[in-house]
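An overview of the molecular structure
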Amino acid sequence: MLLYFALRGVDFAEMGRALRDAEYLWLLPLAVFAIASHVLRSWRWQILLEELPDAAGEHKRVRIFNAFSALIIGYLTNYAAPRLGEVVRAGVLSRREHMSVSGVFGTVVVERVLDVIVLGLLLVATFGALIDQSEVVRELFLYPVAARFGQMSIGAVVVTILVTCAVGFGAILLIRRWRRSSGRLRSFVDQFMAGIASVKRTRRWGAITLSTILMWFCYAWMAYLPFVMLGMTEPFEITFFDAWHIMVLGSIGVAIPAPGGTGSYHYVTIQSLIYLFGVTQAPAATYAVLTHAAQMILYTALGGFFLATGGVGSVTSVEKNDATGSAEAGL
């Protein structure tokens, strides 16, 4: 449905001509930057995992290939079930490295929080760079959100806040009660919190910072090269920094819980290109479709390869192993 609204009114014949005339030799460096970005993310995740004890209670260096393959399998899963990929990649890595699945998932949560913080800073920088188009930015991103909240009555807002607080408070009390009475749950929560605390225990903040900067640098090139491939840099005066802003704004669409950002990414990217950078509709849609399809094909190919060669294993069996370890720890 979102994809329909994003591509509604697009001249598909013009899109077809643009895709036919594209310089696909640029796909090779695009793939290099894409894989490099995932290797860098795997390296950052590896640093966090180093602070997590394995099943024997020892700290070890997780193999970066295992982190990389689990990450790609998680990305592949997100195309079928948004956000489930984070659970799957934790399960895959915990099975391969014989670590607690709840602890590994804690490091995944930390990694995603780091992404949110960096994206927030980049959005502030992007909105600052586009200050001369602030009214357009407000119409594209702020006004729709405000309108959705404006449709809610004061009473509905108050009730929503109270219900949310009550549910959260009740969940905390329930977990605390179960934690006292159940050794398995206590161990599960402790291992998860150990994963969360990995960011506090690590002393390799320089490596985390470097991997994050290089990773987002690769993302910027992944956003710029398709403009070159489609011959859009000169006609629409798209620079590397323009592509950077498009990449940051497009991340909003990817963050929306749609399968692989399908539809939401296209809509945000197309609207941003049209209203902020003066790109006409068909080229904007072509760029959105090409960039999204290229990543989907890469994730599908790599994810399918890792599934065929190493296998994802049964997440249920991982959870059983984790639960068995938790039960033993509680005895």
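Scroll up to find the structure this text is about.
Note that the coordinates shown come from a computational prediction; the quantities given were computed from them, not determined experimentally.

Turning to the overall build of the protein, a few remarks are in order. Of the regular secondary structure elements, the protein holds 15 helices and zero strands. In the protein, which comprises 331 residues, the share counted as buried stands at 42%. Look at the contacts in the protein between residues 6 or more apart in sequence, and 74% of them connect residues 24 or more apart. Here the protein displays about 17100 Å² of accessible surface, and carbon together with sulfur accounts for 69% of that area.

A few words on helix α11 (residues 205–229). With 25 residues, α11 should cover 36 Å at 1.5 Å per step; its first-to-last C-alpha distance of 36 Å lies within 8% of that length. A positive phi of about 65° marks Gly231, the residue just after α11.

Let us now look at the environment of Ala18. Tracing the backbone through its elements, the reader meets Ala18 in helix α2 (residues 12–20). Along the backbone, Ala18 and Met229 are 211 residues apart, and their C-alpha atoms lie at a distance of 9.8 Å. Dropping the residues within four chain positions of it, Ala18 is found in contact with Leu230 and Thr286.

Our focus in this paragraph is the packing of aromatic side chains. Summed over all chains, the structure comprises 14 aromatic pairs. On the basis of an interplanar angle of 80° and a centroid distance of 5.6 Å, the ring pair of Phe65 and Phe306 is categorised as edge-to-face. Taken together, the residues Phe65 in helix α4 (residues 64–80) and Phe306 in helix α14 (residues 281–309) connect sequence positions 241 residues apart. Consider the rings of Tyr224 and Phe240, whose centres lie 5.8 Å apart with planes at 70°: the pair is edge-to-face. Within this pair, whereas Tyr224 is found in helix α11, its partner Phe240 is found in helix α12 (residues 240–255), the two being separated by 16 residues in sequence. Tyr224 sits in the buried class, given a relative accessible area of 17%. Taken together through their ring pairs, the aromatic side chains of Phe33, Phe217, Trp221, Tyr224, Phe240 and Phe241 make up a single cluster. Geometry around Trp45 places Arg89 over its ring, the cationic atom sitting 4.5 Å from the centre.

Looking at where Thr202 falls in the secondary structure, it is placed in the loop between α10 (198–201) and α11. From its side chain, Thr202 meets the backbone nitrogen of Arg204 in a polar contact 3.2 Å long. Among all residues touching Thr202, those that are not within four sequence positions of it are Ile47, Glu51 and Ile208.

This part covers the packing of helix α6 (residues 101–129) against α11. Axis separation between α6 and α11 bottoms out at 12 Å; the angle between their running directions is 55°. In terms of axis orientation, α6 runs oblique to α11. Every pair of crossing elements has a handedness; the one defined by α6 and α11 is right-handed. Two secondary-structure elements touch here, α6 through Leu114, Asp115, Val118, Leu119 and Leu122 and α11 through Ile208, Thr212, Met215 and Trp216.

Parameters and conventions
Going along each chain's sequence as written, the residues are numbered from 1 onward. At least 70 in pLDDT is required for a residue's local features to be given in this predicted model, at least 80 for side-chain atom pairs to be given and counted, and no such filter applies to totals for whole chains, interfaces and linings, which use all residues. Water and hydrogen atoms play no part in the side-chain values, which are based on all heavy atoms of the structure. Where helices and strands are cited, they refer to DSSP runs of H or I of at least four residues and of E of at least two residues respectively, numbered from the N terminus. Exposure is judged per residue with a 1.4 Å probe applied to protein chains only, and the accessible area is read against the type maximum: over 50% gives exposed, under 20% gives buried, and values in between give partly exposed. Residues count as neighbours in contact if any of their non-hydrogen atoms are within 4.5 Å of one another. Every accessible area reported is derived by Shrake-Rupley at a probe size of 1.4 Å, with residue values counting cover from the shown protein chains alone. Each helix should span, by expectation, one fewer than its residue count multiplied by 1.5 Å. Aromatic pairing here means that ring centres of Phe, Tyr or Trp (its six-membered ring) are within 6.5 Å. Orientation follows from the plane angle: under 30 degrees is stacked, over 60 is edge-to-face, and everything else is tilted. Two thresholds decide whether a charge sits over a ring: the Lys NZ or Arg CZ must be within 6 Å of the ring centre and within 35 degrees of the ring normal. Residues adjacent in sequence count toward polar contacts only when both atoms are side-chain atoms; beyond that, a polar contact is any pair of N or O atoms within 3.5 Å, and within protein one must be able to donate a hydrogen and the other to accept it. Helix axes use the C-alpha atoms of the stretch in contact, all axes being lines fitted to C-alpha atoms, and the angles between their N-to-C directions lie in the range 0 to 180 degrees. Any angle that is under 35 degrees is reported as roughly parallel, and any over 145 degrees as roughly antiparallel; angles of 65 to 115 degrees are reported as roughly perpendicular and all others as oblique. Left-handed describes a crossing whose near helix is turned anticlockwise from the far helix through less than a right angle; right-handed describes the clockwise counterpart.

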